[in-house]
Amino acid sequence: MPTSPRPEWTAVRAQFPAMTQDVSGHPLVYLDSAATSQKPRVVLDALAKYYERDNANVHRGIHELSRRATIAYEEARAKLASFIGAADPSELVWTRGTTEAINLVASSWGLDTLKEGDEVLLSSMEHHSNIVPWQLVAHRTGARLRYIEMDDQGRLVLDDLSELLTERTRLVAVTHISNALGTVNPVREITEHAKKVGALVLVDGAQAVPHRRVDVQELGCDFYAFSGHKMCGPTGSGALWARRELLESMPPYHGGGEMIRIVGRDSSTWAEIPHKFEAGTPNIAGAITLGVAADFLDEVGFDAIAEHEREVLAYALQRLDDLGGVTVYGPTDLDERSGVISFTMGDAHPHDISTILDSRGVAIRAGHHCAQLVMKHFGISATARASFYLYNSTDDVDRLVEGLASVQEIFGPG
Ligand code: PMP
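Predicted model only: the values in this text are computed from it and were never measured. (Residues numbered from 1 in each chain as written. Predicted model: local features only at pLDDT ≥ 70, side-chain atom pairs only at ≥ 80, totals over all residues. Heavy atoms only, no water.)

> Mind showing me how you'd approach the site of the ligand here?
Around the ligand, a shell composed of Thr 98, Thr 99, His 127, Ser 129, Thr 175, Asn 179, Asp 204, Ala 206, Gln 207, Ser 227, His 229 and Lys 230 is seen. Thr 98 is positioned such that a nitrogen or oxygen atom in its backbone is 3.4 Å from an oxygen atom of the ligand. One nitrogen or oxygen atom from the side chain of Thr 99 is found 2.6 Å from an oxygen atom belonging to the ligand. Burial of the ligand by the surrounding chains reaches 84%, relative to a free accessible area of 390 Å². Considering only residue class, the shell around the ligand consists of one nonpolar, nine polar and two charged. (Near = heavy atom within 4 Å. Polar contact = N/O pair within 3.5 Å; in protein donor to acceptor, adjacent residues only side chain to side chain. Areas by Shrake-Rupley, 256 points an atom, 1.4 Å probe, with all protein chains shown as cover. Nonpolar A, V, L, I, M, F, W, Y, C, P; charged D, E, K, R; others polar.)

Here is the structure:
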């Protein structure tokens, strides 16, 4: 088991300017990447370069800067499409992130398709952004929401699928990786079951795309949503991928400029996909620099990233076990979890744990993680959550554990 970071990962970390600062008089240990990741120098430079040289609106300007911005914007779309294994760049709609991508599907496909008696199958480990949009649509259409439950290790109970999936199921919407537990769900298997009853499958990929090679065609899903800011890209960037025939049949979500073909007084016709879903001036800089982030991750390589994160995760789980008094939620098998550790420590409130760690320069998250159904399942109101990314090391884990030891000095051993 490693006790000091490998030089190649120290070099990766050095590319993230935010990771080199002191917080509360200590070198920052950033363990909140499941909320948002830090950004490498190449992404920050690309952002500045875009605004310094190429800034213009896309698609409509007949001048050099607009041409440059449009080319870079559409090249980034093609890059992100191939990054997630899509066959066709026009199947990738830029959004502000996962939340907007799921709302797009709920409002466009959901309101247009769902009827009274139809069912949408979610899971009880979903982030609120893959629950609330479906509740809004269910209230308006009369559709019913059902849930795949979890076991005591926070794994989906797939044995129930044959009972839950019926000819009434129109959509299964599940997360690829849980932000609250780190559980990696068997999406391919879920998709195969869903297809047998003719249901579509939406996957929330917010916690997956940053950490592993995703191939939407291999997964066999119909919709895939993800956020740029969790994968070294800027906030306000992200995308929805969907099968061409679905996007073509779905009505627009927002109306405005860019998404139309012809506008009349009483009605209009729509632009081709994906533009039909991109009303108004998009986050041009966000899309372009998300392309740079994807290149950065490709260059480091997902095999290497996954191996590194697993090493750090295994080390962290072992050290927490050695410390004692820490309850860790989620699967015990490393093959079934990613680099997220959700935990509680006896009577110490997660917010107190987080505050004490913060005073030692260690940033974690505390709360329900927008997953209140997960908290309810485990009979708790909140957890402390440390989440790892490619720039973290076993040294960071040591600092986390030192901080937790001082939490135990204050609150007792738990
Ligand atoms: N789903 C999951 C699993 C997430 O972790 C998050 C972000 N915490 C979201 C959806 C929402 O992503 P965003 O806020 O970027 O839209």
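Now, onward.
> What's the story with the packing of aromatic side chains in this structure? I'm lost.
Aromatic ring pairs are reported here in terms of the distance separating the ring centres and the angle at which the planes meet. Tallied over the full model, the rule gives eight aromatic pairs. Here Phe 16 and Tyr 391 contribute two aromatic rings whose centre-to-centre distance is 4.7 Å and whose plane-to-plane angle is 70°, an arrangement assigned as edge-to-face. Of the two residues, Phe 16 is situated in the loop between α1 (7-13) and β1 (22-23) and Tyr 391 in the loop between β17 (383-387) and α14 (394-411); the sequence distance between them amounts to 375 residues. We classify Phe 16 as buried; its relative accessible area is 0%. Here the aromatic residues Phe 16, Phe 296, Tyr 389 and Tyr 391 are joined through ring pairs into a cluster of three or more. Over the ring of Phe 83 we find Arg 213, and its NZ or CZ is 5.1 Å from the ring centre. (Phe/Tyr/Trp six-rings, centres within 6.5 Å; stacked < 30°, edge-to-face > 60°. Helix = DSSP H or I, 4+ residues; strand = E, 2+ residues; numbered from the N terminus. Buried < 20%, exposed > 50% of the residue type's maximum accessible area, 1.4 Å probe, protein only. Lys NZ or Arg CZ within 6 Å of the ring centre and 35° of its normal.)

> Sorry if this is basic, but what is going on with helix α12 (residues 350-358) here?
Two residues of an α-helix separated by three or four positions point the same way, owing to the 3.6 residues in each turn. Restricting attention to buried positions, one finds in α12 the residues Pro 350, Ile 353, Ser 354, Ile 356 and Leu 357. Mapping the buried residues of α12 onto a view down its axis gives an arc of 165°, with all of them on the same face. Of the surrounding elements, those touching the buried residues of α12 are β14 (340-344), β15 (362-363), β16 (365-367), β17 and α14. (Arc of directions from axis to C-beta. Contact = heavy atoms within 4.5 Å.)

> Whenever I open this one, the confidence of the model for the protein confuses me. Can you help?
Should the pLDDT be low somewhere, the predicted coordinates at that spot are not to be read in detail. Looking at the protein, the pLDDT average stands at 96 and 99% of residues meet or exceed 70. Strand β9 (residues 223-227) holds the highest mean pLDDT among the elements of the protein, 99, whereas α1 holds the lowest, 92. (pLDDT = per-residue confidence, 0-100.)

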